[in-house]
Amino acid sequence: MNWHAVRAIYLFEMARTRRTLLQSVLAPVISTTLYFVVFGSAIGGYIPEVEGVSYGAFIVPGLIMLSLLTQSVSNASFAIFFPKFTRSIYELLSAPVSHFEIVLSYVGAAATKSVLLSLIILATASVFVPFRIEHPLWMLFFLVLTALTFSMLGFILGIWADNFEKLQLVPLLIITPLTFLGGSFYSIDMLPPAWQTVSLLNPVVYLVSAFRWSFYGSADVAVGVSLAMALLFLAVFVAIVMWMFRTGYRLKP
Amino acid sequence: MQTIISISELSKTYAGGFAALKQVSLDIRRGEIFALLGPNGAGKTTLISIVCGLVTPSTGRVTVDGHDIIDDYRAARAMIGLVPQELTTDAFESVWNTVSFSRGLFGKPARPGYIEQLLKDLSLWDKKDAKLMMLSGGMKRRVLIAKALSHEPRILFLDEPTAGVDVELRRDMWQLVRRLRDTGVTVILTTHYIEEAEEMADRVGVISKGALILVEEKAALMQKLGGKQLTLQLQTALQAIPPALARYGLRLAKGGAELIYAYDGEGEETAIVDLLQELSAVGIGFSDLHTTQRSLEDIFVSLVAEPASAPQRMGEVS
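For clarity, every value in this text was computed on a predicted model and none was experimentally measured.

What counts, and at which threshold
Residues numbered from 1 in each chain as written. Chains lettered and ligands numbered in written order. Predicted model: local features only at pLDDT ≥ 70, side-chain atom pairs only at ≥ 80, totals over all residues. Heavy atoms only, no water. Helix = DSSP H or I, 4+ residues; strand = E, 2+ residues; numbered from the N terminus. Rg over C-alpha atoms; globule rule 2.2 N^0.38 Å. Buried < 20%, exposed > 50% of the residue type's maximum accessible area, 1.4 Å probe, protein only. Contact = heavy atoms within 4.5 Å. Areas by Shrake-Rupley, 256 points an atom, 1.4 Å probe, with all protein chains shown as cover. Lys, Arg positive; Asp, Glu negative; His and termini not counted. Charge placed at Lys NZ, Arg CZ, Asp CG, Glu CD. UniProt positions renumbered as here; feature names shortened; annotations may be inferred. Salt bridge = Lys/Arg side-chain N within 4 Å of Asp/Glu carboxyl O. Domains from an automatic or database assignment. Polar contact = N/O pair within 3.5 Å; in protein donor to acceptor, adjacent residues only side chain to side chain. Pairing = 2+ DSSP bridges. Axes fitted to C-alpha atoms, helices over the stretch in contact; angles between N-to-C directions. Phe/Tyr/Trp six-rings, centres within 6.5 Å; stacked < 30°, edge-to-face > 60°. Lys NZ or Arg CZ within 6 Å of the ring centre and 35° of its normal. Buried area = accessible area lost by both parts, 1.4 Å probe. Nonpolar A, V, L, I, M, F, W, Y, C, P; charged D, E, K, R; others polar.

Asks: Explain the overall build of chain A here, please?
Replies: Across its full length, chain A carries 10 helices and 0 strands. Its helices and strands in sequence order give chain A the pattern α-α-α-α-α-α-α-α-α-α, from N to C terminus. For 253 residues, the compact-globule estimate of 2.2 N^0.38 gives 18 Å, and chain A sits close to it at 19 Å. The C-alpha extent of chain A, read off along each of the three principal axes, is 60 × 35 × 35 Å. Relative to its 253 residues, chain A shows a buried fraction of 55%. Sequence separation of at least 24 residues holds for 80% of the intrachain contacts in chain A that already meet a minimum separation of 6. Working note: accessible area of chain A is about 11,000 Å², and carbon and sulfur atoms make up 73% of it. A gap of 14 Å separates the mean positions of the 13 positive and 10 negative side-chain charges of chain A.

Structure representation (structure tokens):
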């Protein structure tokens, strides 16, 4: 293992977060806070309890997941896209670094950032709504697993994209709608049966469901199924990244 | 001299069908400065990009100090520093951070003293905290060199190192290359500036349309192909060359006012003395004379103008 390289890339990426602290941390925290104020405190007061918890508390896991998914994708995609854009990626590709080390450092840094951000949002949420975490270790596990999985997706996106428009397109047109329709703000039990079935095609449903289970002990989908699905997504994304490196897809002519 | 890079029958055909390299074989010797000359699009950058791991070869094999660039890429790449042709730097990082990053990327532990000296050598020390996007093109070029040297490579690739740089930087870069060579670093530079090769290289390779058409010691190349010419301004114009001088292959110019003697420079300098004596003997006087030699550029132009010869191993001087 070239640990010096892994460390260099990881710290380089974390330094970028420090340089762009407002954009990286403060902006997502403010937008999530607005969600809590509007949906949790203002509108939430008129909504009865969902699955035994107040609506404000109910949306906490979903909102964290919303932030976690979008930030993981955008952090990782930008991290690998920007060197491609500036063509400084020549250095990475000519360095004595394995594909695994590249993924470990870039995806590790992106996942670290989004996990830290999620914990900050969690702390922010506690200011607005009372909530409990029944399974804190599982909560952290799902947080890290989801961050890694979607950072991997972001990494794929960053390699695939050849312009900034494409880089924005997938989060805007796919990730955000899937997250909103994935039960972030409601239980899928609240949907008509047909739409419940359709919802099960949405991968985010499993992630939100499992994450909410770690908070309140109840889930839309059995936790084991959610865990299996999350691991499946990770495996699929790992396989795609391996294929990209093996073939040099959009990296090496 | 020991070979440090061995390239065997290397070919590259890009996805669109363009054959950028055709069966190129070449040995680079340890500690030499090797200039790869060729017009734009000849395959120079493709060749070094394959050695550095940026382009996947279609066929052939490359070893760096005995390490295969694919099977043993870590050992091979750790020895190489690459200065790319384009000014490809990050925008928001500081000079110090980006150079330190490069050292880590190539698997070396931090060594601030070395990085400090490197930045001082490249006149970058007072810019160490400046963001890269604030630097001029020349300064960015220096940063790219610092990044390439940050991990103390034994082989340095300079891809068109002085393209678009000012005279001062060009001179600094030539001095740097010589200093590196003195410490045992092998330097391979691609260029289409002949004067660069003429100034610095120990050996010259000429690549054209993806084929390596010549590899030669620079001095030997100049000797072999750099023909010389003696021009005499005659006191009285001649109508024809006297038969007694036929063996010299002389020709007249400017209506017989100039007599030109072309020789190839390989031990024929003594013939000039004989010629001058014989001119005197047949009563031909001259008011002035001068000699000229074909430059490397003339040689280069004549080489690439001819069809590429059949591929062959060209690592050693014949």
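Past the structure itself, the notes keep going.
Asks: Can you help me understand the UniProt feature "domain: ABC transmembrane type-2" (unreviewed entry) in chain A in this one?
Replies: As recorded in UniProt, the sites labelled "domain: ABC transmembrane type-2" (unreviewed entry) are residues 19–248 of chain A. Helix makes up 78% of residues 19–248 of chain A and strand 0%, whereas the separation of the span's terminal C-alpha atoms amounts to 31 Å.

Asks: Could you clarify how one ought to interpret the pattern of salt bridges in this entry?
Replies: Between side chains of opposite charge, pairing is possible as soon as their charged atoms come close. The tally for this structure, following the rule as stated, stands at 24 salt bridges over all chains. Note that Arg19(A) and Glu93(B) form a salt bridge whose closest N and O atoms lie 2.5 Å from each other. Of this pair, Arg19(A) sits in helix α1 (residues 3–19) while Glu93(B) sits in the loop between β6 (80–83) and α3 (95–105), which puts the two residues in different chains. The buried category is assigned to Glu93(B), whose relative accessible area is 2%. Asp162(A) is paired through a salt bridge with Arg250(A); the nearest N and O atoms lie 3.7 Å apart. A residue pair is termed long-range when its members are at least 10 positions apart, and Asp162(A) in the loop between α6 (136–160) and α7 (164–180) and Arg250(A) in the segment after α10 (223–247) qualify at 88 residues. The exposure class assigned to Asp162(A) is partly exposed, which follows from its relative accessible area of 47%.

Asks: Explain the domain arrangement of chain B here, please?
Replies: A common way to report how large an interface is uses the accessible area buried once the components associate. Split into domains, chain B comes out as domain 1 (3–79 + 154–223 + 299–305) and domain 2 (227–293). Of note, the centres of domain 1 of chain B and domain 2 of chain B, computed from C-alpha atoms alone, are 41 Å apart.

Asks: Explain the side chain of Arg29(B) to me, please; I cannot follow it from the model alone.
Replies: All names here are of chain B. By secondary structure assignment, the location of Arg29 is in strand β2 (residues 19–29). Exposure remark for Arg29: the relative accessible area of 11% places this residue in the buried category. Separated by 2.7 Å, the side chains of Arg29 and Glu217 make a polar contact.

Asks: In this structure, what is going on with the sheet that holds strand β10 (residues 211–217) of chain B? I would like to understand it.
Replies: Backbone hydrogen bonds hold the strands of a sheet together, and the pairing may be parallel or antiparallel. Residues and elements named next belong to chain B. With respect to topology, 6 strands assemble into an open sheet ordered β6-β7-β8-β3-β9-β10, the strand pairing being mixed. Sheet topology places β6 and β10 at the edges, where each strand pairs with a single neighbour. Across the sheet, the mean angle separating the axes of adjacent strands is 15° when strand polarity is ignored. Summarising the sheet, strand β3 (residues 33–37) and strand β8 (residues 186–191) pair through 5 bridges and their orientation is parallel. Within β8, the position partnered with Ala35 by the bridge is Leu189. Against the sheet, helix α1 (residues 44–52) makes contact with β3, β6, β7 (155–159), β8 and β9 (203–208), and its axis sits at roughly 150° relative to β7, the strand it touches most. On the sheet, helix α5 (residues 137–149) packs against β6 and β7 and is oriented at approximately 170° with respect to β6.

Asks: What exactly am I supposed to notice about the UniProt feature "transmembrane region" (unreviewed entry) in chain A here?
Replies: All names here are of chain A. According to UniProt, the feature "transmembrane region" (unreviewed entry) maps to residues 21–47, 53–82, 115–133, 140–161, 167–186, 198–215 and 221–245 in the numbering used here. Secondary structure across residues 53–82 divides into 93% helix and 0% strand, with the first and last C-alpha atoms of the span separated by 43 Å. Regarding residues 167–186, the helix share stands at 70% and the strand share at 0%, and the terminal C-alpha atoms are separated by 29 Å.

Asks: Honestly, the packing of aromatic side chains in this entry has me stumped. Any pointers?
Replies: We describe a pair of aromatic rings using the distance from one ring centre to the other and the angle between the two ring planes. All told, the structure shown has 25 aromatic pairs over all chains when counted by the stated rule. Measuring from centroid to centroid gives 5.4 Å for Trp138(A) and Phe141(A), while their planes differ by 85°, and the two rings are edge-to-face. Separated by 3 residues within a single helix, Trp138(A) and Phe141(A) lie in helix α6, roughly one turn from each other. The partly exposed category is assigned to Trp138(A), whose relative accessible area is 39%. Sitting over the ring of Phe58(A), Arg212(A) keeps its end group 3.7 Å from the ring centre. Its guanidinium or amino end placed over the ring of Trp125(B), Lys120(B) lies 5.1 Å from that ring's centre, counting from NZ or CZ.

Asks: Just to check I follow, could you spell out the interface of chain B and chain A for this structure?
Replies: Counting residues at the interface gives 29 residues for chain B and 24 residues for chain A. Carbon and sulfur atoms supply 59% of the area buried between chain B and chain A, which totals about 2,500 Å² over both sides. Where chain B meets chain A, there are 4 salt bridges. Close ionic contact of Glu91(A) with Lys147(B) constitutes a salt bridge, the shortest N to O distance being 3.0 Å. There are 13 residue pairs in polar contact (both at pLDDT 80 or more) connecting chain B and chain A. Broken down by secondary-structure element, the contributors of at least two residues to the side of chain B that touches chain A are α2 (73–78), α3 and α5 of chain B. Classifying every residue of the side of chain B that touches chain A by side-chain character gives 14 nonpolar, 7 polar and 8 charged.

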